[in-house]
Amino acid sequence: MAIFHMSFSNISAGKGRSAIASAAYRSGEKLFDDKEGRHYFYARSVMPESFILTPKNAPEWASDREQLWNEVETKDRKSNSRYAKEFNVALPVELSEDEQKELLKKYVQENFVDEGMVADVAIHRDHPDNPHAHVMLTNRPFNPDGTWGQKTKTEYILDSHGNKTKTPAGNVRNRKIWLVDWDKKEKITEWRHNWAVSVNQVLEQKSIPDRISEKSFIEEGIDDTPMQHEGINSKRHERKEFNQQVKDYRKAKASYKNNQEKVINRGHLDSLSKHFSFNEKRVVKELSHELKTYISLENLDDKRRMLFNWKNSTLIKHAVGEDVTKQLLTINQQESS
């Protein structure tokens, strides 16, 4: 069944990560790191399907994976620079590989590339049951001339006369103004929601009943235990065992609910039997069997009215016989008197 899994993270120098190495691992390509003077290559048993999507102001070199991420690391040289934002997303197994790619490409284009980011996409299919994609996104927009733009600007805090203010230590007061909103928590919430909407639209178009949601069971008001995304790391076995326990719990819960309904229905049947003669009980039993519906005290009036209206229909005559139809009329007249 389709599942929702989408996680965001940052690839930053502050955590000792390399944009070149990250891109090489995700794409399966051999990439040269200009700064370190070395190649990065990670052999993979199944070659990822990778491609790059660029915004309208991006230069031609932005479509070259090696040059793109070398340019990023050259531009952002601080020890705590964030080279890229990345998200990992599970692709719906109900779709074909081409349909998965088309869905992902459309989503990335509309939500990130059209906003000014370069998207380096790698689809991994190492495991048939776990198709997923890694998408690396640039953090810095492009200027109209194709040069790197600014992520932030400094704004001085002025007094009522328009003069710069200073701190007690004599430093000019200022604040950082973000020129893009890509790092806001609300954007991640929006992106996650948009992915669920995109997937559900495709599933609906293909008449596939499954649906996904970015919301938790608690947010959706569902009283159930959620399963965990298994993935392929060292915790996969533990998560698989946990998910099996959840499945067993749900099965036991459904069985308990079914037994409860049987007990309630049995109680209704016992109560119902006190109100009819032997022949009337037989009639109700036959009708309940033929119409494949249970007649309880709560809906008895509706059922009797429905049966009375149908008493002369071909369906009733064919299903239960002419004699039973006449008895139904008798029961209805007795109840109405």
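Quick note: structure is the one above.
Residues numbered from 1 in each chain as written. Predicted model: local features only at pLDDT ≥ 70, side-chain atom pairs only at ≥ 80, totals over all residues. Heavy atoms only, no water.

## Some words on the overall build of the protein
- Of regular secondary structure, the protein possesses 10 helices and nine strands.
- Counting over 337 residues, the protein shows a buried share of 36%.
- For the protein, contacts bridging at least 24 residues in sequence account for 60% of all contacts bridging at least 6.
- With the model as given, the accessible surface of the protein reaches about 21000 Å², and the carbon-plus-sulfur share is 48%. (Helix = DSSP H or I, 4+ residues; strand = E, 2+ residues; numbered from the N terminus. Buried < 20%, exposed > 50% of the residue type's maximum accessible area, 1.4 Å probe, protein only. Contact = heavy atoms within 4.5 Å. Areas by Shrake-Rupley, 256 points an atom, 1.4 Å probe, with all protein chains shown as cover.)

## Focus on the sheet that holds strand β6 (residues 119-124)
- The strand order across the open sheet formed by five strands is β1-β5-β7-β6-β4, and the pairing between neighbours is antiparallel. A single partner strand is all that each edge strand has here, and the edge strands are β1 (6-12) and β4 (49-53). Ignoring strand direction, the axes of neighbouring strands in this sheet form an average angle of 20 degrees.
- Pairing of β1 with strand β5 (residues 82-90) involves seven bridges; the strand directions are antiparallel. Paired with Met6 across the two strands is Val89, which belongs to β5.
- On the sheet, helix α2 (residues 65-75) packs against β4, β5, β6 and β7 (132-138) and is oriented at approximately 45 degrees with respect to β7.
- Those strands touched by helix α3 (residues 97-111) are β1, β4, β5, β6 and β7, and its axis lies near 25 degrees from that of β4. (Pairing = 2+ DSSP bridges. Axes fitted to C-alpha atoms, helices over the stretch in contact; angles between N-to-C directions.)

## Description of helix α4 (residues 185-205)
- With 21 residues, α4 extends 31 Å between its outermost C-alpha atoms, agreeing within 8% with the 30 Å of an ideal straight helix rising 1.5 Å per residue.
- Among all positions of α4, only Lys187, Trp191, Trp195, Ala196, Ser198, Val199, Asn200, Val202 and Leu203 are buried.
- On its buried face, α4 is in contact with β1, β5 and α3.
- Two residues or fewer after α4 comes Ser207, characterised by a positive phi angle close to 60 degrees. (Expected span 1.5 Å × (residues − 1).)

## Some points on the pattern of salt bridges
- With the rule as written, the count across this model stands at 15 salt bridges.
- The closest approach of N and O atoms between Arg65 and Asp120, which form a salt bridge, is 2.8 Å. Taken together, the positions of Arg65 in helix α2 and Asp120 in strand β6 put the pair 55 residues apart, joining distant regions of the chain. Of the two residues examined, Arg65 and Asp120, each falls in the buried class.
- Between Asp183 and Lys85 there is a salt bridge; the shortest N-O distance is 3.0 Å. One end of the pair, Asp183, is in the loop between β9 (174-178) and α4; the other, Lys85, is in strand β5, and 98 residues separate them in sequence. (Salt bridge = Lys/Arg side-chain N within 4 Å of Asp/Glu carboxyl O.)

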